[in-house]
Amino acid sequence: MTSSRCELRFTSACIALEPLLEEVRSDGDGAVVSFLGVVRDHARGKRVRFLDYEAYPPMAEVQMRLLFEEARERFGLERALVVHRTGRLQIGEASVAIAVATPHRAAGFEACRHLIDRLKETVPIWKKETYEDGSAWIGERS
Amino acid sequence: MKIAVLLFAGLREATGESRVELELGDGATVGDAQAELLRRFPALRERRYAFALDHHYATAATALGSARELALIPPVSGG
């Protein structure tokens, strides 16, 4: 049996991927594909000390819903969980986790890739990088 | 008409405000709201952002209508 459920969540706590993999799966699925975005120690040629994420959750919800709909039309995606951190993150911590479950693997890989790529384009979440010598909201001046 | 305007990330830091209320004439557009914001916050002048009206992307020409919330959306950088 399969069910349909796509959801975006925000959390200020560390993201545990394993529970998401179990939660997203239904018995008709043969594939669970996941993506974890993690905080890197360098960016734009600078050493990064930590990141701060800010979101506009009600709009993020609406925009993510449009992306889930896109993925459903293109890849038949019915089950996905997206969890995004807010607040301060240290190097190596996960900023975003995506888990999708599909009957076959090809659609899972494609849908997961699509969701993270599109999330970065339209979902109102912002990242501030803090370096040894200052900080910057990313995307702002480019 | 009254509308709440939300400011995020670098725009919040530049203006020192995360939420402001505007009083505008009936039939006002997003562009009218922007003009009022620029008068109040000159720091917004050299900034890049998109608009969202009640959580959907909008343009300067979009009528505010009965919307409750306008947001200035600086370039997003989630993930």
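All of the points below concern the structure found in this document. (Residues numbered from 1 in each chain as written. Chains lettered and ligands numbered in written order. Predicted model: local features only at pLDDT ≥ 70, side-chain atom pairs only at ≥ 80, totals over all residues. Heavy atoms only, no water.)

Looking at the packing of aromatic side chains
- In total, this model carries three aromatic pairs over all chains according to the counting rule given.
- Between A:Tyr56 and B:Phe8, the ring centres sit 4.6 Å apart and the planes meet at 35°, which makes this aromatic pair tilted. A residue pair is termed interchain when its members come from two chains, as with A:Tyr56 in the loop between strand E4 (46-55) and helix H2 (57-75) and B:Phe8 in the loop between strand E1 (2-7) and helix H1 (9-15).
- Residue class for B:Phe8 comes out buried when judged on its relative accessible area of 8%.
- Summarising the aromatic geometry, the rings of B:Tyr49 and B:Phe51 are spaced 5.6 Å apart at their centres and angled 80° between planes, so their arrangement reads as edge-to-face. (Phe/Tyr/Trp six-rings, centres within 6.5 Å; stacked < 30°, edge-to-face > 60°. Helix = DSSP H or I, 4+ residues; strand = E, 2+ residues; numbered from the N terminus. Buried < 20%, exposed > 50% of the residue type's maximum accessible area, 1.4 Å probe, protein only.)

A word on the nonpolar core
- Ranked by size, the top nonpolar core spans 30 residues in total, and within it A:Met64, A:Val82, A:Ile98, A:Val100 and A:Leu115 carry the most contacts.
- For this core, the secondary structure elements donating two or more residues are strand E1 (5-11), E4, H2, strand E5 (79-85), strand E7 (94-102), helix H3 (105-122) and strand E8 (125-131) of chain A.
- When neighbours within four sequence positions are excluded, A:Met64 is seen to be in contact with A:Leu8, A:Val82, A:Leu115, A:Leu119 and A:Val123.
- In terms of nonpolar packing, the next biggest core, distinct from the first, is built from 21 residues, B:Leu22, B:Ala33, B:Ala67 and B:Leu72 among them. (Core = buried A, V, L, I, M, F, W, Y, C linked by side-chain atoms within 4.5 Å. Contact = heavy atoms within 4.5 Å.)

Remarks on the pairing of E4(A)
Residue and element names in this part refer to chain A.
- Here E4 lies mainly inside the structure; seven of its ten residues are buried.
- Inspection of the sheet shows strand E3 (residues 42-43) paired to E4 by two bridges, in the antiparallel sense. The partner of His42 across the bridge, within E4, is Arg47.
- If you look at the hairpin formed by E3 and E4, you'll find two residues sitting between the two strands, and Arg44 has a positive phi there, around 50°.
- Where E4 meets E8, seven bridges bridge the pair, whose relative direction is antiparallel. Looking across to E8, one finds that Tyr53 is bridged to Lys127.
- Strand direction decides the pairing type here: E4 and strand E6 (residues 87-90), joined by four bridges, are antiparallel. (Pairing = 2+ DSSP bridges.)

What to know about the packing of H2(A) against H3(A)
Residue and element names in this part refer to chain A.
- Here H2 crosses H3 at 150°, and the two axes come no closer than 10 Å. Relative to H3, the element H2 lies roughly antiparallel. For the pair H2 and H3, the sense of crossing is right-handed. Here H2 contributes Gln63, Met64, Leu67, Phe68, Glu70, Ala71, Arg74 and Phe75 to the contact with H3, which in turn contributes Ala107, Glu110, Ala111, His114, Leu115, Arg118, Leu119 and Thr122.
- Of the residues contributing to the contact of H2 with H3, the split by class is nine nonpolar, three polar and four charged. (Axes fitted to C-alpha atoms, helices over the stretch in contact; angles between N-to-C directions. Parallel < 35°, antiparallel > 145°, perpendicular 65-115°, else oblique. Left-handed = near helix turned anticlockwise from the far one by under 90°. Nonpolar A, V, L, I, M, F, W, Y, C, P; charged D, E, K, R; others polar.)

Regarding the sheet that holds strand E2 (residues 19-23) of chain B
All names here are of chain B.
- What the five strands build is an open sheet, ordered E2-E1-E5-E3-E4; its pairing is mixed. Either end of the sheet is taken by a strand with one partner, and the two such strands are E2 and strand E4 (56-58). Along the sheet, successive strands turn relative to each other by an average axial angle of 35°, direction set aside.
- Pairing of strand E3 (residues 50-53) with E4, which is carried by three bridges, proceeds in the antiparallel orientation. Across the sheet, the residue bridging to Phe51 is Ala58, located in E4.
- Against the sheet, helix H2 (residues 30-40) contacts E1, E2, E3, E4 and strand E5 (69-73), and its axis sits at roughly 115° relative to E2.

So far we have only geometry, and geometry alone does not tell us how the molecule works.
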